[in-house]
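# Fold and contact review
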Amino acid sequence: MPSETTIQHLCDAMHVCVLTGAGVSAESGVATFRDPDGLWAKFSPQELASMDGFLANPERVRDWYTYRLHVIDSVTPNRAHTALATLEQHVPKLTLITQNVDRLHQQAGSRNVVELHGNLLENRCNGCGWLTDAHKHVEICIRCGDLMRPNVVWFGEMLPVEAIEQATEAARTCDVFICIGTSAEVYPAAQLPYDARNHGAYLVEINPNQTVLTPYAHQSIRHTAVKAVSELVERFLNKRNTHSPPR
Ligand code: OAD
C-alpha cells in the first residue's frame, strides 16, 4: 500500500498529475482492453477501432459502440473515481489525464479532466467535425452529408491536439505523477509518465499487475484502484490535517 514517502510527496506537491486507464473503471463494471478477459481478447481492434474497419462496415462498428454506450449508461463511478475527485479539492492543482472514454471521472466530480482518447457519449462528423449526442444515433451529418462516427480516437489517428499538449505540459511540470490502471503500452499517452519522471516528478503506479512502467516507478502499488486510491487519498487527508497549523 502507499508508502510514507509517497504520502509525504503528495502532501508537499503543488501540482499532482494523474493518468488513468481502463483499470480505474474495471470495478465499476467496464471491461479493460488487454487483460485476459478484456475487449481486445474478444473483438478485433482492426475491425472496430480503425478508420479502415469503419469504412468497411460502418454498421458493425456503430453497433459495437452502441453496445459500449449501453454499458457505460448502466454503471456508476466507483470509490477510486470519487477519491480522485476529492483529492482535486485538497491539492493546489490536479490535472487528471484519462485514456478512458466513459466520462466516469466527470460523473464523480473531477473538474480538470483531459480526455486523450475522446468519449463514447458523442458522435462526430468525419468531415466537418460536427458533434451530436451518441444516444441520438445520427448516421449522416446534416451539415455536410459525411458519415458520423464515434468521437473516440482510433488506431492510426492523431490525438486531439489541445489534449495532448495540455497533458504533456502537465506531465513536465507536476511534482507527483500517479498512473492508475493502465498497461502503459499505448503511445503517446504512455510517454507521459517517463516525461514526468525525466522532469523530476515522483512517479507512482497503481496496478494489481506488473507493467512496463513498473521498473521506472518510485513506488508501484500492487492493488486494485478502489483499494489503493481510497487508501492513498484517506492517508493524504489524515496526514495533511494532522500537520496543518491550527487556524
Ligand atoms: P489496458 O486494458 O491496456 O490496461 C488495463 C490495465 O488495468 C492493466 O494493466 C490491468 O492490470 C489494470 N487493471 C485491471 N483491473 C484493475 C483494477 N481493478 N484496478 C487497477 N488496475 C486494474 O487499458 P489501457 O491502458 O487504458 O484506446 O489501454 C490504453 C488504450 O488502449 C485505451 O484507451 C484504448 C485501448 O486500445 C483507444 O480506444 C483509443
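Residues numbered from 1 in each chain as written. Predicted model: local features only at pLDDT ≥ 70, side-chain atom pairs only at ≥ 80, totals over all residues. Heavy atoms only, no water.

### Observations regarding the sheet that holds strand E2 (residues 94–98)
- The strand order across the open sheet built from six strands is E3-E2-E1-E7-E8-E9, with neighbouring strands paired in parallel fashion. Every other strand in the sheet has two partners, leaving strand E3 (113–115) and strand E9 (219–221) as the edge strands with one partner each. Across the sheet, the axes of successive neighbouring strands diverge by a mean angle of 15 degrees, strand direction being ignored.
- Strands in contact with helix H10 (residues 191–198) are strand E1 (16–20), E2, strand E7 (176–180) and strand E8 (202–206); relative to E7, the strand with the most contacts, it is inclined by about 155 degrees.
- Together, E7, E8 and E9 form the strand contacts of helix H11 (residues 225–243), whose direction differs from that of E8 by roughly 140 degrees. (Pairing = 2+ DSSP bridges. Helix = DSSP H or I, 4+ residues; strand = E, 2+ residues; numbered from the N terminus. Axes fitted to C-alpha atoms, helices over the stretch in contact; angles between N-to-C directions. Contact = heavy atoms within 4.5 Å.)

### A closer look at the nonpolar core
- Counting 28 residues, the largest nonpolar core has Val-16, Val-18, Ile-178, Ile-180, Ile-206 and Val-229 as the members making the most contacts within it.
- Secondary-structure elements contributing two or more residues to this core are helix H1 (4–12), E1, helix H7 (79–90), E2, E7, E8 and H11.
- In terms of residues, this core owes the most to one element, H11, which gives eight residues.
- Aside from chain neighbours lying at most four places away, what touches Ile-178 is Leu-10, Val-16, Cys-17, Val-18, Leu-19, Val-204, Ile-206 and Leu-232.
- Leu-19, Leu-159, Ile-164 and Cys-174 belong to the second largest nonpolar core, which has 23 residues in total. (Core = buried A, V, L, I, M, F, W, Y, C linked by side-chain atoms within 4.5 Å. Buried < 20%, exposed > 50% of the residue type's maximum accessible area, 1.4 Å probe, protein only.)

### A look at the pattern of salt bridges
- Under the definition given, this model contains nine salt bridges.
- Notably, a salt bridge pairs Lys-239 with Glu-4, separated by 3.0 Å at the nearest N-O pair. With a gap of 235 residues between them, Lys-239 in helix H11 and Glu-4 in helix H1 connect regions that are remote in the sequence.
- The partly exposed category is assigned to Glu-4, whose relative accessible area is 47%.
- With its nearest N and O atoms 3.3 Å apart, the salt bridge here joins Glu-231 to Arg-235. Of this pair, Glu-231 and Arg-235 both sit in helix H11, separated by four residues, roughly a single helical turn.
- A single network of salt bridges, built from pairs that share partners, joins Glu-4, Glu-231, Arg-235 and Lys-239. (Salt bridge = Lys/Arg side-chain N within 4 Å of Asp/Glu carboxyl O.)

### Here we look at the domain arrangement of the chain
- Split by domain assignment, the chain resolves into domain 1 (4–30 + 77–117 + 159–243) and domain 2 (33–74 + 121–152).
- Relative placement of domain 1 and domain 2: their C-alpha centres are 27 Å apart.
- At the junction of the two partners, domain 1 supplies 11 residues and domain 2 supplies 10 residues.
- When domain 1 packs against domain 2, close to 740 Å² is buried across both sides, 60% of that on carbon and sulfur atoms. (Domains from an automatic or database assignment. Buried area = accessible area lost by both parts, 1.4 Å probe.)

### Here we look at the sheet that holds strand E5 (residues 131–133)
- With antiparallel pairing, the three strands of this open sheet are ordered in space as E5-E4-E6. Each having just a single partner strand, E5 and strand E6 (148–152) make up the two edges of the open sheet. Between one strand axis and the next, the sheet turns by 45 degrees as a mean value, whatever way the strands run.
- Relative to the sheet, helix H6 (residues 58–73) contacts strand E4 (118–125) and E6, its axis offset from that of E4 by approximately 140 degrees.

### Quick notes on H11
- A rise of 1.5 Å per residue sets the reference length of H11, with its 19 residues, at 27 Å; its end C-alpha atoms lie 27 Å apart and thus fit the reference within 8%.
- Every buried residue of H11 is listed here: Ala-225, Val-226, Ala-228, Val-229, Ser-230, Leu-232, Val-233, Phe-236, Leu-237 and Lys-239.
- For H11, the secondary structure elements touched by its buried residues are H1, helix H2 (23–26), H7, E7, E8 and E9. (Expected span 1.5 Å × (residues − 1).)

### Here we look at the side chain of His-15
- Positionally, His-15 belongs in the loop between H1 and E1.
- In this view, His-15 contacts Lys-93, Thr-95, Ala-170, Thr-173, Cys-174, Asp-175 and Val-176; residues no more than four positions away in its chain are not counted.

### Digging into H7
- For H7, which comprises 12 residues, the first-to-last C-alpha distance of 17 Å matches the rise-based estimate of 16 Å (1.5 Å per residue) to within 8%.
- Taken together, the buried positions of H7 are occupied by Ala-80, His-81, Ala-83, Leu-84, Ala-85, Leu-87 and Glu-88.
- For H7, the N-terminal capping position is held by Asn-78, with its side-chain oxygen 2.7 Å away from the main-chain nitrogen of Ala-80. (Polar contact = N/O pair within 3.5 Å; in protein donor to acceptor, adjacent residues only side chain to side chain.)

### Quick look at the packing of aromatic side chains
- Per the counting criterion, the structure on display carries nine aromatic pairs.
- Taking the centre distance of 5.0 Å and the plane angle of 85 degrees together, the rings of Trp-64 and Tyr-65 count as edge-to-face.
- Members of the aromatic cluster, each reached through a chain of ring pairs, are Phe-33, Trp-40, Phe-43, Phe-54, Trp-64, Tyr-65, Tyr-67, Trp-154 and Phe-155.
- The ring of Trp-154 has Arg-149 sitting right over it, with the charged end atom 3.9 Å from the ring centre. (Phe/Tyr/Trp six-rings, centres within 6.5 Å; stacked < 30°, edge-to-face > 60°. Lys NZ or Arg CZ within 6 Å of the ring centre and 35° of its normal.)

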